[in-house]
Amino acid sequence: MDNDWLKMWNARFGRPDYTYGTQPNGYLKEKLDQLEVGSILFPAEGEGRNAVYAAQLGWQVSAFDISEEGQKKALKLAKKRNVVLDYQIGELQSLGYQPEQFEAIALIYAHFPPNIRSNYHKLLVSYLKKGGYIIFEGFSKKHLEYRTINEKVGGPKNLELLFSIKELEQDFEGFEILELKETVIELNEGTGHVGKGSVIRFLGKKK
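In what follows, the accompanying structure is described. Remember, predicted model here, so these are calculated numbers, not experimental data.

In this section: the sheet that holds strand β2 (residues 60-65). The sheet built from seven strands is open, its strands ordered β3-β2-β1-β4-β5-β7-β6 with mixed pairing. Two strands lie at the open edges of the sheet, namely β3 (86-89) and β6 (175-189), each paired on one side alone. Strand-to-strand twist across the sheet, computed as the mean angle between neighbouring axes with direction ignored, equals 15 degrees. Pairing between strand β4 (residues 102-108) and strand β5 (residues 128-139): six bridges, direction parallel. When the sheet's bridge partners are listed, Ala106 is paired in β5 with Ile135. Each of β1 (39-42), β2, β4 and β6 is contacted by helix α3 (residues 49-57), which is oriented at about 170 degrees to β1, the strand it contacts most.

A separate point is the pattern of salt bridges. Following the criterion strictly, the structure yields 11 salt bridges and no others. We note a salt bridge from Glu103 to Lys129, for which the minimum N-O separation is 2.5 Å. Of this pair, Glu103 sits in strand β4 while Lys129 sits in strand β5, and the two are 26 residues apart along the sequence. Residue Lys129 is classed as partly exposed on the basis of its relative accessible area, which comes to 30%. Residues Glu167 and Lys141 are paired through a salt bridge, measuring 3.6 Å at the closest nitrogen-oxygen approach. Placement of Glu167 in helix α7 (residues 165-171) and of Lys141 in the loop between β5 and α6 (143-149) is noted, with a sequence separation of 26 residues between them. Note on Glu167: relative accessible area 24%, which makes it partly exposed. The exposure class assigned to Lys141 is partly exposed, which follows from its relative accessible area of 28%. If you follow the salt bridges from partner to partner, you end up with Glu30, Lys31, Glu179 and Lys181 in one network.

In this section: the nonpolar core. Grouped together as the largest cluster of nonpolar side chains are 33 residues, with contacts concentrated most on Leu32, Ile40, Phe42, Trp59, Val61 and Leu85. Tallying contributions element by element places α3 first for this core, with five residues. With residues near it in sequence (within four places) discarded, Phe42 still touches Leu28, Asn50, Ala51, Ala54, Val61, Ser62, Ala63, Phe64 and Ala106. Membership of the second largest hydrophobic core comes to 24 residues, among which are Ala110, Phe112, Ile200 and Phe202.

Turning next to unusual backbone geometry. Unlike most non-glycine residues, Glu100 shows phi in positive territory, near 55 degrees. On the secondary structure map, Glu100 appears in the loop between β3 and β4. The phi dihedral of Tyr109 is positive, around 55 degrees, even though this residue is not glycine. Note on placement: Tyr109 falls in the loop between β4 and α5 (114-126).

Once that is clear, we can look at the packing of aromatic side chains. Applying the stated rule across the entire model yields 11 aromatic pairs. Their ring planes at 35 degrees and their centres at 5.6 Å tell us that Phe172 and Phe202 sit as a pair that is tilted. Taken together, the residues span a long stretch of sequence, with Phe172 in the loop between α7 and β6 and Phe202 in strand β7 (residues 193-206) at a distance of 30 residues. Note on Phe172: relative accessible area 3%, which makes it buried. Classification of Phe202 by relative accessible area gives buried; the value is 2%. Grouped by ring-pair contacts, the aromatic residues Phe64, Tyr97, Phe102 and Tyr127 constitute a single cluster.

Conventions adopted
- Residues numbered from 1 in each chain as written.
- Predicted model: local features only at pLDDT ≥ 70, side-chain atom pairs only at ≥ 80, totals over all residues.
- Heavy atoms only, no water.
- Pairing = 2+ DSSP bridges.
- Helix = DSSP H or I, 4+ residues; strand = E, 2+ residues; numbered from the N terminus.
- Axes fitted to C-alpha atoms, helices over the stretch in contact; angles between N-to-C directions.
- Contact = heavy atoms within 4.5 Å.
- Salt bridge = Lys/Arg side-chain N within 4 Å of Asp/Glu carboxyl O.
- Buried < 20%, exposed > 50% of the residue type's maximum accessible area, 1.4 Å probe, protein only.
- Core = buried A, V, L, I, M, F, W, Y, C linked by side-chain atoms within 4.5 Å.
- Phe/Tyr/Trp six-rings, centres within 6.5 Å; stacked < 30°, edge-to-face > 60°.

Given below as structure tokens:
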């Protein structure tokens, strides 16, 4: 990933406040609360709010991001909440995760650059056990309309960084689709996601 991308995230996460708050994403919380505890991976985990919540539930949590500033905030939050995270810095292919290592993978606003996204998704699938779950929430391509009206809702400005149902179906073929929908929700996550936005939510089980 290029230096501008890394600089952007380090600048965003380098501020004292937690950009997206310290509470877990609502969709993630809803789904995690229904699953049996096991091992879970959080890609592009940023400041750690979701990983810390999973650890509080008793999950064995792994996470990664390219931002060292995000990692610092995540580990600080984990210490405050008395939980442990295995949080690595780097790009996915260099982090040493193993085939079928995890019972769940949570992709929460993990908007990877378009030139690597499909490859990342397919690599992540290989790390998931048969019968394991993908929990996904990200901004849809329709989200640009909402971002134009209200920049406080956040999300990428580049259409190619946003998701479509068709792209997700292609990247996660071979999954039993338990839920896959595009919907408009009211976001209230820190200062980074505030207001109405268009998202895609996906819960899939690996066949």
